[in-house]
Amino acid sequence: MPTLTRLIPFAFVLIWSTGFIGAKFGLPYMEPFFLLVLRYALVLALFGLGLLLWRGPLLAARDIPSQLLVGSLIHGAYLGGVFYSISRGVPAGLVAIIVGMQPLLTALLGWLWLNERLTRATATGLLVGFLGLLLVVGGAGALSQDGAPDGAGLVATLIALMGISTGTVLQKRHGAGVPLLAGTTVQYAGALAVTLPLALLFETGRVEPTWPLMLTMAWLVLGLSVLAISLLMVMIRSDQVGRVTSYFYLVPPLTMLQAWLFFGETMSALSAIGTLLVIGGIYLVIRRTRRDAGPQRALPARG
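Residues numbered from 1 in each chain as written. Predicted model: local features only at pLDDT ≥ 70, side-chain atom pairs only at ≥ 80, totals over all residues. Heavy atoms only, no water.

Participant: Quick question: what am I supposed to make of empty space enclosed by the protein here?
Facilitator: Here the idea is plain: a probe the size of a water molecule rolls over the atoms and shows the empty space left. As enumerated under the stated definition, the model contains three cavities of 30 Å³ or more in all. In this model, the largest cavity occupies a volume close to 150 Å³. Along its surface, the largest cavity is lined by 13 residues, and Trp-16, Gly-19, Tyr-78, Leu-79 and Leu-224 are the ones closest to its centre. Within the residue set of the lining of the largest cavity, elements represented by two or more residues are helix 2 (19–26), helix 4 (64–87) and helix 10 (211–238). The biggest single contributor to the lining of the largest cavity is helix 4, with five residues. When grouped by side-chain class, the residues that make up the lining of the largest cavity number 10 nonpolar, two polar and one charged. One number sums up the size of the second largest cavity: a volume of about 130 Å³. For the second largest cavity, the full set of lining residues is Trp-16, Phe-20, Tyr-78, Ala-96, Val-99, Gly-100, Gln-102, Pro-103, Phe-248, Tyr-249, Val-251 and Pro-252. Grouping the amino acids of the lining of the second largest cavity by side-chain chemistry returns 10 nonpolar, two polar and no charged. (1 Å grid on protein atoms, 1.4 Å probe; cavity = no way out; pocket = protein on both sides within 12 Å on 5 of 7 lines; lining within 4 Å. Points joined across faces, edges and corners; volume = space filled by probe spheres on them. Helix = DSSP H or I, 4+ residues; strand = E, 2+ residues; numbered from the N terminus. Nonpolar A, V, L, I, M, F, W, Y, C, P; charged D, E, K, R; others polar.)

Written as structure tokens, this is what we have:
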């Protein structure tokens, strides 16, 4: 069991990294918010059925507002921002760089809000990982495209970054004792409450029913929304926020590998060097200090 537990973060990252590929497959046939509305509605139906069949514990009334808020941030703001920015033509590499700042921002928020210690080794790992992320995406040529990126798309990407960072910290603070299935169900209700009005106000509901769209939707629902998010909630519950989110640094290298497999895109030497820095940064963040090694120098806890 401990071995399987240690494999959870890597299984999560592998699944999560397919999100950009899924967006690339699905967005030509549906508008971004309407795609997410359909995705969340299907997930809610599956999770509601699961609650009925397994008769799992429901949320206490006091936990419902916090889980609605977490869902509106992690699923609504983050995925809504990413999908919208890609649909507006913002380079995927630029989106990855901005959203890739999440571990830095989340570790900082964990220090400010949750009184978590931010050791110098952890801070160094976060910075090294972000430098590697820049090299990975920069080496792929994402920063050399002509023309200024779409302003609305850039704002949406920043909203995505703030959404998942803040939502992760709030889940760590308020979701420790929340039943996993019931809590995640309420989270998706919060996400639907964010994306449905956006779809109704700003989109036409256009859909081109194709096999690529149906297969993509099946994976987005079962792989991303059900399996990956469940793994993320387990990770958040069992580990420090900064250490959990450091695994997100593996997402861009894995996404680029999938882009090479599916679309023939190649990885430059600069991207390969960046990948090594990413892995090194993650190691610095997730390694546990041995108790007999003496106290580490750390930034003081807040409060």
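Participant: Would you take a moment to explain a nonpolar patch on the surface for this structure?
Facilitator: A surface patch of nonpolar side chains, amounting to about 530 Å² of accessible area, comprises Leu-257, Trp-260, Leu-261, Phe-262 and Phe-263. Along the chain, the position of Trp-260 falls in helix 12 (residues 251–263). (Patch = residues over 30% accessible without salt bridge, like charges linked within 9 Å, V, L, I, M, F, W, Y side chains within 5 Å. Areas by Shrake-Rupley, 256 points an atom, 1.4 Å probe, with all protein chains shown as cover. Salt bridge = Lys/Arg side-chain N within 4 Å of Asp/Glu carboxyl O.)

Participant: Can you help me understand helix 3 (residues 32–54) in this one?
Facilitator: Structurally, the α-helix is built with 3.6 residues per turn, so residues lying three or four positions apart point the same way. End to end, helix 3 covers 33 Å across 23 residues, agreeing with the expected 33 Å (1.5 Å per residue, within 8%). If you check which residues of helix 3 are buried, you get Pro-32, Phe-33, Leu-35, Leu-36, Val-37, Arg-39, Tyr-40, Val-43, Phe-47, Gly-50 and Leu-51. Phi turns positive one or two residues past the end of helix 3, at Arg-55, with a value near 50°. (Expected span 1.5 Å × (residues − 1). Buried < 20%, exposed > 50% of the residue type's maximum accessible area, 1.4 Å probe, protein only.)

Participant: Just to check I follow, could you spell out the packing of helix 3 against helix 9 (residues 180–202) for this structure?
Facilitator: Between two packed helices, the angle of one axis relative to the other and the distance separating the axes together describe the packing. Here helix 3 crosses helix 9 at 155°, and the two axes come no closer than 9 Å. In terms of orientation, helix 3 and helix 9 fall into the roughly antiparallel class. In this structure, helix 3 meets helix 9 at a crossing whose hand is left-handed. Contacts between helix 3 and helix 9 involve Phe-33, Phe-34, Leu-36, Val-37, Tyr-40, Val-43, Leu-44, Phe-47, Gly-50, Leu-51 and Trp-54 from the former and Leu-181, Ala-182, Thr-184, Thr-185, Tyr-188, Ala-189, Ala-191, Leu-192, Thr-195, Leu-196, Leu-198 and Ala-199 from the latter. By residue class, the composition of the contact of helix 3 with helix 9 is 19 nonpolar, four polar and no charged. (Axes fitted to C-alpha atoms, helices over the stretch in contact; angles between N-to-C directions. Parallel < 35°, antiparallel > 145°, perpendicular 65-115°, else oblique. Left-handed = near helix turned anticlockwise from the far one by under 90°. Contact = heavy atoms within 4.5 Å.)

Without other data, these values stay purely geometric and don't point to any function.
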